[in-house]
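# Architecture and fold: a report
Chain residues, written in single-letter form:
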Amino acid sequence: MNVSIRRREDGSEVKFSDSLHPLLQRIYRQRDISHADELVLSLDKLLPPDSMKGLDQAIELLWNLLRDQGRVLIVSDFDADGATSCALVVSALRSFGFSHVDYIVPNRFDYGYGLTSDIVALASTRSPGLIITVDNGISSVEGVAAAQAAGIKVLVTDHHLPGSVVPSADAIVNPNQTGCEFPSKALAGVGVAFYLMLAFRRWLREAGWFEKKGLAEPVLADLLDLVALGTVADVVPLDYNNRILVNEGLKRMRAGRVRPGILALLQVSGRNVRTLLSSDLGFAVGPRLNAAGRLDDMATGIECLLAQDADAAYELARLLDSLNKDRKLIESDMREQAFAALDRVKLDENEVAAGICVYDCDWHQGVVGILASRIKDRYHRPVIAFADANGTQNNEPAELKGSARSIPGFHIRDALEAISTQHPGLLTRFGGHAMAAGLSLQHSRLEQFTRCFEQEAARRLSADQLQAKIVTDGEIEAVHLTLATAREVLSAGPWGQGFPEPVFDGIFTVTDQRLVGGKHLKLVVSPEGLRLDIEAIAFNIDLALWPCDAEQVHLVYRLDINEYRGHSKLQLMVEHITLAVTV
């Protein structure tokens, strides 16, 4: 894939303290930090919950159930955001004095996404007085109506974008609902749940509930490990408010204030809690937690997060680790099949459609989201990968479930809504946000949908947007290519979606190169014009091009630290490598 490398420009002229590393000053300006105060990530800077629409109604529902000791049932989504949201609400409500709190996480293969009528029927067998959805519900119009018809009140907590029709729930807490004035629209589902629990605790405190019942007032900051994990794993934008939540969660975890389940997941993934970074949550813990929802039952992940005993938590974490290994094998096979199919029709950057739909009857519906992401990365196109849902009709799969991943400039949920409006009945259901979405349609209508999706993508995306780009923070002066600088940059986040980890580019002289692991390129390089040997590694390189006799290369890289046998060395993690262009 042809890639254009572009450098960020300073987005602001803010003045920072002279004590701040000059490289970090440049990085922060390139991320549009408008005031030095935005680097202060303490909890007292957190947005208050007051302006969040629906809190008063939600608190009234919760209070009525608490006062009467009614049954509360959480209905969770089956990803890491849903699992952390569920564990947070269960933990908080129990600490408030609820005696009957339970949860259901729909098996994605049997029930699909959200609060469906079938899930309500299952929930009714537990006789709840209130259903609370976490990380779902804003599109569950029929499910909410079914619950209310069964005499069950419904509190929806969600962060996904609402459709043209919203459910008639007894209360909805979602910063993205129409009329909500909460300033941050980037909260993950777990962030919304946390804010609701903050508001309800304050109400209970003012009502004297904890004193009357002889309960210690819960310290909700102890839930921030869950908030940090769910926020990073769901890849929501790390605006200032989310950076506070993630930073505080990471600080507590590094200090040992971490629940046994998250600690066990860090252990099985080989990560050190004392040096924990947001990337560890996103690339190590999150995928292991998600594996349960993709391949089996997310209840395993939720129970791991709720575990109080370290041994029990570790056994559950080992099971999640095993599921994640299985997921990797399944994903690898699917990826090879998809790339081979695309290669057979000789797709290249000039021939590939503006939007890609792929389907195979043998693909695993729990893994198509990852597959869509991999194809998106290769072709720089919005991609929807489909798998068979359960059930057949005339020996054909009755329904397909798709998972969509997008590129900058293409709002995938808006595109699906436009297609649904133009072609009523084409989509059975859909939901999501700008960069990711889920949908269902009849197998017989896949070809029609593929044409519609390609046309919608072509209509919305320009040639420039379809050109893959790597945006970097520019060059690093040789004097700053040090272990100390790497430590400062890595710890200066938290980095993530919308506040990306710094990526640099520059010309380097190659002093050594060799293959490791059969497909990774290990390099020793020096900045142009200097003799300063630095180790670098490029993963999954094109074996037809590398290694080669290149004397100079243009690297796009991140700063990293290689820890080995108690020794620490600067290492460059290569994102992209090309031969240096000489003039």
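Nothing here was measured: the structure is a model prediction, and the numbers come from that model. (Residues numbered from 1 in each chain as written. Predicted model: local features only at pLDDT ≥ 70, side-chain atom pairs only at ≥ 80, totals over all residues. Heavy atoms only, no water.)

### Some thoughts on the overall build of the protein chain
Secondary structure summary: the protein chain contains 17 helices and 19 strands in total. Computed over the C-alpha atoms, the radius of gyration of the protein chain is 25 Å, within 12% of the 25 Å expected from 2.2 N^0.38 for a compact globule of 583 residues. For the protein chain, with 583 residues in total, the buried portion stands at 54%. For the protein chain, contacts bridging at least 24 residues in sequence account for 68% of all contacts bridging at least 6. Accessible surface, the protein chain: about 25,700 Å² in total, of which carbon and sulfur atoms supply 48%. Averaging the locations of the 59 positively and 75 negatively charged side chains of the protein chain gives two centres separated by 2 Å. (Helix = DSSP H or I, 4+ residues; strand = E, 2+ residues; numbered from the N terminus. Rg over C-alpha atoms; globule rule 2.2 N^0.38 Å. Buried < 20%, exposed > 50% of the residue type's maximum accessible area, 1.4 Å probe, protein only. Contact = heavy atoms within 4.5 Å. Areas by Shrake-Rupley, 256 points an atom, 1.4 Å probe, with all protein chains shown as cover. Lys, Arg positive; Asp, Glu negative; His and termini not counted. Charge placed at Lys NZ, Arg CZ, Asp CG, Glu CD.)

### Some points on the pattern of salt bridges
A complete count under the given rule lists 32 salt bridges for this structure. It is possible to trace a salt-bridge network through shared partners that takes in Arg-327, Glu-331, Arg-335 and Arg-374. (Salt bridge = Lys/Arg side-chain N within 4 Å of Asp/Glu carboxyl O.)

### A look at the environment of Ala-338
If you trace the backbone, Ala-338 turns up in helix H13 (residues 310–344). The exposure class of Ala-338 is buried, given its relative accessible area of 2%. Put simply, Ala-338 and Ala-385 are 47 residues apart on the chain and 9.4 Å apart in space, counted from C-alpha to C-alpha. The residues touching Ala-338, leaving out its near neighbours within four places in the chain, are Trp-363, Leu-371 and Ile-375.

### Remarks on the layout of surface pockets
Gaps left between atoms show up when a probe the size of a water molecule is rolled over them. One number sums up the size of the second largest pocket: a volume of about 280 Å³. As for the second largest pocket, its lining consists of 16 residues, of which Lys-185, Val-236, Pro-237, His-433 and Ala-434 are closest to the centre. Grouping the constituent residues of the lining of the second largest pocket by class yields eight nonpolar, six polar and two charged. (1 Å grid on protein atoms, 1.4 Å probe; cavity = no way out; pocket = protein on both sides within 12 Å on 5 of 7 lines; lining within 4 Å. Points joined across faces, edges and corners; volume = space filled by probe spheres on them. Nonpolar A, V, L, I, M, F, W, Y, C, P; charged D, E, K, R; others polar.)

### A short note on the sheet that holds strand E12 (residues 429–432)
The five strands are arranged E7-E8-E11-E13-E12 in an open sheet whose pairing can be described as mixed. Unpaired on one side and paired on the other, strand E7 (356–359) and E12 mark the two borders of the sheet. Taken pair by pair, the neighbouring strands of this sheet meet at an average axis angle of 15°, ignoring direction. Examined bridge by bridge, strand E8 (residues 383–388) and strand E11 (residues 399–405) share six bridges and lie antiparallel to one another. What sits directly across from Asp-388, in E11, is Leu-400. Taken strand by strand, helix H16 (residues 446–460) contacts E7, E8, E11 and strand E13 (436–442), and its axis lies near 155° from that of E7. (Pairing = 2+ DSSP bridges. Axes fitted to C-alpha atoms, helices over the stretch in contact; angles between N-to-C directions.)

### So, the packing of helix H2 (residues 55–68) against helix H6 (residues 189–206)
At a closest axis distance of 10 Å, the pairing of H2 and H6 adopts a crossing angle of 60°. With respect to their mutual orientation, H2 and H6 come out oblique. Between H2 and H6 the crossing geometry is right-handed. For the pair formed by H2 and H6, the contact residues are Leu-55, Ala-58, Ile-59, Leu-62, Trp-63 and Leu-66 on the first element and Leu-196, Met-197, Ala-199, Phe-200, Trp-203 and Leu-204 on the second. (Parallel < 35°, antiparallel > 145°, perpendicular 65-115°, else oblique. Left-handed = near helix turned anticlockwise from the far one by under 90°.)

### Some details on the sheet that holds strand E19 (residues 567–579)
Spatial strand order, E15-E16-E17-E19-E18: five strands in a closed barrel with mixed pairing. Put simply, the sheet's adjacent strands are angled 45° from each other on average, direction ignored. Pairing geometry for strand E17 (residues 534–538) and E19, over four bridges, is parallel. By the bridge assignment for E19, Ala-536 is matched with Leu-572. Its contacts with the sheet put helix H17 (residues 483–490) on strand E18 (552–564) and E19, and the angle it makes with E18 is roughly 85°.

### Regarding the environment of Asn-241
Of note, Asn-241 is situated in helix H9 (residues 240–254). In this structure the C-alpha to C-alpha distance between Asn-241 and Leu-47, which are 194 residues apart in sequence, comes to 6.7 Å. Asn-241 has contacts with Leu-46, Leu-47, Phe-182, Ser-184, Leu-187 and Tyr-195, leaving out every residue within four places of it along the chain. A distance of 3.1 Å separates a polar atom in the side chain of Asn-241 from a polar atom in the side chain of Tyr-195. (Polar contact = N/O pair within 3.5 Å; in protein donor to acceptor, adjacent residues only side chain to side chain.)

### Focus: the pairing of strand E2 (residues 72–76)
The element E2 is extensively covered by neighbouring structure, given that five of its five residues are classed as buried. Alternating positions in E2 separate into two faces, Val-72, Ile-74 and Ser-76 on one and Leu-73 and Val-75 on the other, with burial throughout. Both E2 and strand E3 (residues 101–104) contribute to a ladder of four bridges, which runs parallel. Bridge pairing in E3 places Leu-73 opposite Asp-102. Regarding topology, helix H3 (residues 80–96) serves as the crossover connection from E2 to the parallel E3, and that connection is right-handed. Bridge count for E2 against strand E4 (residues 130–134) is five bridges, and the pairing is parallel. Directly across from Ile-74, in E4, lies its bridge partner Ile-132. (Right-handed = clockwise from strand over helix to strand, strands pointing away.)

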